[in-house]
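Breakdown of the fold
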Amino acid sequence: MKNRDVVKLTDRYVAQTYARYPIALVRGKGARVWDADGKEYLDFLAGIAVNSLGHCHPAIVRAIQQQARKLLHVSNLYHILPQSELARELCRHSFADRVFFCNSGAEATEAAIKLARRYGAEHLGGKYEILSAHNSFHGRTLATLTATGQEKVRAGYDPLPVGFRQVPFNDLGAVEEAIDEQKTVAILIEPIQGEGGINVPDDGYLRGLRELCDRRGLLLIFDEVQTGMGRTGKLFGYEHFGVTPDIMTLAKALGGGLPLGAMLAREEVAKSFTAGSHASTFGGNPLACSVGLAVMKTLLQGQVLKRCAKMEKVFVQGLQRLRDRFSFVKSIRGKGLILGLELEMEGAKIVDACMQEGLLINCTAYKVLRFVPPLTIGQKEIEHGLAILDKVLARQ
Ligand SMILES: Cc1ncc(COP(=O)(O)O)c(C=O)c1O
């Protein structure tokens, strides 16, 4: 089947929730993918920050093959060794004491919201409201899209659940003012906003939120679905800011390409989830967790995090050259290998043209080109991709 045939099939049978590019990706290796017509692309998108070890990393392929031979799935009515081991590794390397596993970022953040509400019911006289940020993104379930600070995500879904409000990102005063003594139970924040345009807060913002939560008796929830698992050059994004949350959500890179989400919490908070209070049939399934373990081990034992920090320098230097060359480039944002190039014009045309030239990127917040390549990407590949981008920008 060629691209054209796959496009036809999708258009005929698949729900039309995505504006897709007219190619079908059928194969990948490292930072490269191929479409059904055999064309090669350099992948600066990595399934939107999912394939952090690149496509078909041997450790991931091995984990899938070995676990598939043993046991694919059993119910959470029983103990599951790879799940317990992955939970142990996540706790060992983070602030957390316990992990709830699920299948996606939205589900992980939904679990965080539910846990905060149960904690509020148990310890805080029934407080339930979650404050989040303008331009945030937390998922597409009813609760998480209501927490999301973007109107376009909510359009058409009224009535929305109660108990959510947004305040400007990176504005401590706005959060403090918005806290309702009777209602507010938690603040939900991405340490770096991904979908909102790669927005890095000022030094002190997250620390300020931590102090505010401690002073006012609120929970602090970090949504690290996009920033977690090494994306910023540290295992978790919060490590850059010298603070820890009470609850954190992970997904995307955690499963190395398999659907795997997790909600992590401190013991005192985690205790509010008791037997029967939350569940997921597939959450923490042996196959997904075996792969999650392989991802963790590769990130921690190998040079991946160090390499990510090194490649950040190469990438940012390249982006600086583009900024110097093109007056319509406004700013460079991000940390590690979650980077954005803000333009003065819409980015969609640039994304299309890059794809034609063999480079996959995307655009967030209309004008910000987003780069989230595999953390294993090499210097030459970065330079090659940026040369394509240079060529495309020069035609504008
Ligand atoms: C910060 C953040 N939270 C939650 C989500 C939702 O994750 P999923 O699409 O796996 O439900 C995303 C997805 O882009 C995200 O970037």
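Residues numbered from 1 in each chain as written. Predicted model: local features only at pLDDT ≥ 70, side-chain atom pairs only at ≥ 80, totals over all residues. Heavy atoms only, no water.

A look at the side chain of Arg-231
Counted only if it meets this: Where helices and strands are cited, they refer to DSSP runs of H or I of at least four residues and of E of at least two residues respectively, numbered from the N terminus. Each residue gets one of three labels from its accessible area relative to the maximum for its type: buried under 20%, exposed over 50%, partly exposed in between, using a 1.4 Å probe on protein chains only. Neither His nor the chain ends is counted toward charge; the positive residues are Lys and Arg and the negative residues Asp and Glu. The term salt bridge refers to a pairing of a side-chain nitrogen on Lys or Arg with a carboxyl oxygen on Asp or Glu at a separation within 4 Å. Whenever a nitrogen or oxygen atom comes within 3.5 Å of another N or O atom, the pair is scored as a polar contact, on the condition that within protein one atom can donate a hydrogen and the other can accept it, and that pairs from neighbouring residues in sequence are kept only if both atoms are in side chains.
Inspection of the secondary structure assignment puts Arg-231 in the loop between strand E8 (219–223) and strand E9 (247–250). Although Arg-231 lies buried, it forms no salt bridge, and the closest oppositely charged side chain, Asp-43, sits 9.1 Å away as judged by the N-O distance. In this structure the side chain of Arg-231 is engaged in a polar contact, spanning 3.2 Å, whose partner is the side chain of Ser-52. Side-chain polar atoms of Arg-231 contact the backbone oxygen of Leu-337, separated by 2.7 Å.

Side note on the site of the ligand
Short version of the rule: Near, as used in this document, describes a residue that has one of its heavy atoms within 4 Å of the molecule or strand being considered. A 1.4 Å probe and the Shrake-Rupley method give the accessible areas. Residues count as covered only by the protein chains that appear here.
Every residue close to the ligand is listed here: Ser-104, Gly-105, Ala-106, Phe-137, His-138, Gly-139, Glu-190, Glu-195, Asp-223, Val-225, Gln-226 and Lys-252. Gly-105 has a polar backbone atom sitting 2.8 Å from an oxygen atom of the ligand. Residue Phe-137 places a main-chain N or O atom 3.3 Å away from a nitrogen atom belonging to the ligand. Coverage of the ligand by the protein amounts to 82% of the 380 Å² it exposes when considered alone.

Remarks on the sheet that holds strand E7 (residues 184–189)
The cut-off we apply is this: A pair of strands counts as paired when DSSP detects no fewer than two bridges linking them. Think of each axis as a best-fit line through the C-alpha atoms, taken over the contacting stretch in the case of a helix, with angles from 0 to 180 degrees between the N-to-C directions. We call two residues contacting when some pair of their heavy atoms lies within 4.5 Å.
Pairing is mixed in the open sheet, where seven strands are placed in the order E4-E10-E9-E8-E7-E5-E6. The open sheet has two free edges, formed respectively by strand E4 (98–102) and strand E6 (164–167), since each of these has just one partner strand. Strand-to-strand twist across the sheet, computed as the mean angle between neighbouring axes with direction ignored, equals 20 degrees. In the sheet, E8 pairs with E9 via three bridges, with the strands oriented parallel. What sits directly across from Asp-223, in E9, is Thr-249. The strands that helix H4 (residues 81–92) touches are E4, E9 and strand E10 (261–265); relative to E4, the one it contacts most, it runs at about 130 degrees.

Things to note about the packing of aromatic side chains
Definition in use: For Phe, Tyr and Trp, rings pair up if their centres lie within 6.5 Å, where Trp contributes its six-membered ring, and each pair is then called stacked (planes under 30 degrees apart), edge-to-face (over 60) or tilted (otherwise). Should the NZ of a Lys or the CZ of an Arg lie within 6 Å of a ring centre and within 35 degrees of the ring normal, that charge is described as sitting over the ring.
For the structure shown, the criterion picks out nine aromatic pairs. Relative to Phe-371, the ring of Phe-315 lies with its centre 5.4 Å away and its plane at 40 degrees, an arrangement referred to as tilted. With a gap of 56 residues between them, Phe-315 in helix H12 (residues 304–325) and Phe-371 in strand E15 (residues 368–371) connect regions that are remote in the sequence. For the pair shown, Phe-315 and Phe-371 are each scored as buried. Members of the aromatic cluster, connected to one another through ring pairs, are Phe-95, Phe-222, Phe-236 and Tyr-238. Over the face of the ring belonging to Trp-34 we find Arg-27, whose NZ or CZ atom lies 4.2 Å from the ring centre.

As for the state of the cysteines
For clarity, the threshold we go by: Two cysteine sulfur atoms form a disulfide, by the criterion used here, when they sit within 2.5 Å.
Summed over the entire model, instances satisfying the criterion amount to zero disulfides. In this model Cys-102 remains outside any disulfide bridge; the closest cysteine sulfur is found in Cys-289, 10 Å from its own. When its relative accessible area of 0% is taken as the criterion, Cys-102 is described as buried.

Some thoughts on the pattern of salt bridges
This structure, assessed with the given rule, holds 20 salt bridges. Taking the shortest distance from any N to any O, the salt bridge between Arg-32 and Glu-40 comes out at 2.6 Å. For Arg-32, a relative accessible area of 23% corresponds to the partly exposed category. When its relative accessible area of 37% is taken as the criterion, Glu-40 is described as partly exposed.

Considering the sheet that holds strand E13 (residues 359–360)
As summarised here, the arrangement of the four strands in space is E1-E2-E3-E13, forming an open sheet in which the pairing is mixed. Looking at which strands have only one partner, the edges of the open sheet turn out to be strand E1 (25–29) and E13. As paired elements, strand E3 (residues 40–43) and E13 share two bridges and run parallel to each other. Along E13, the bridge assignment pairs Asp-43 with Leu-360.

Take it as geometry only, folks, not as evidence of what the structure does.
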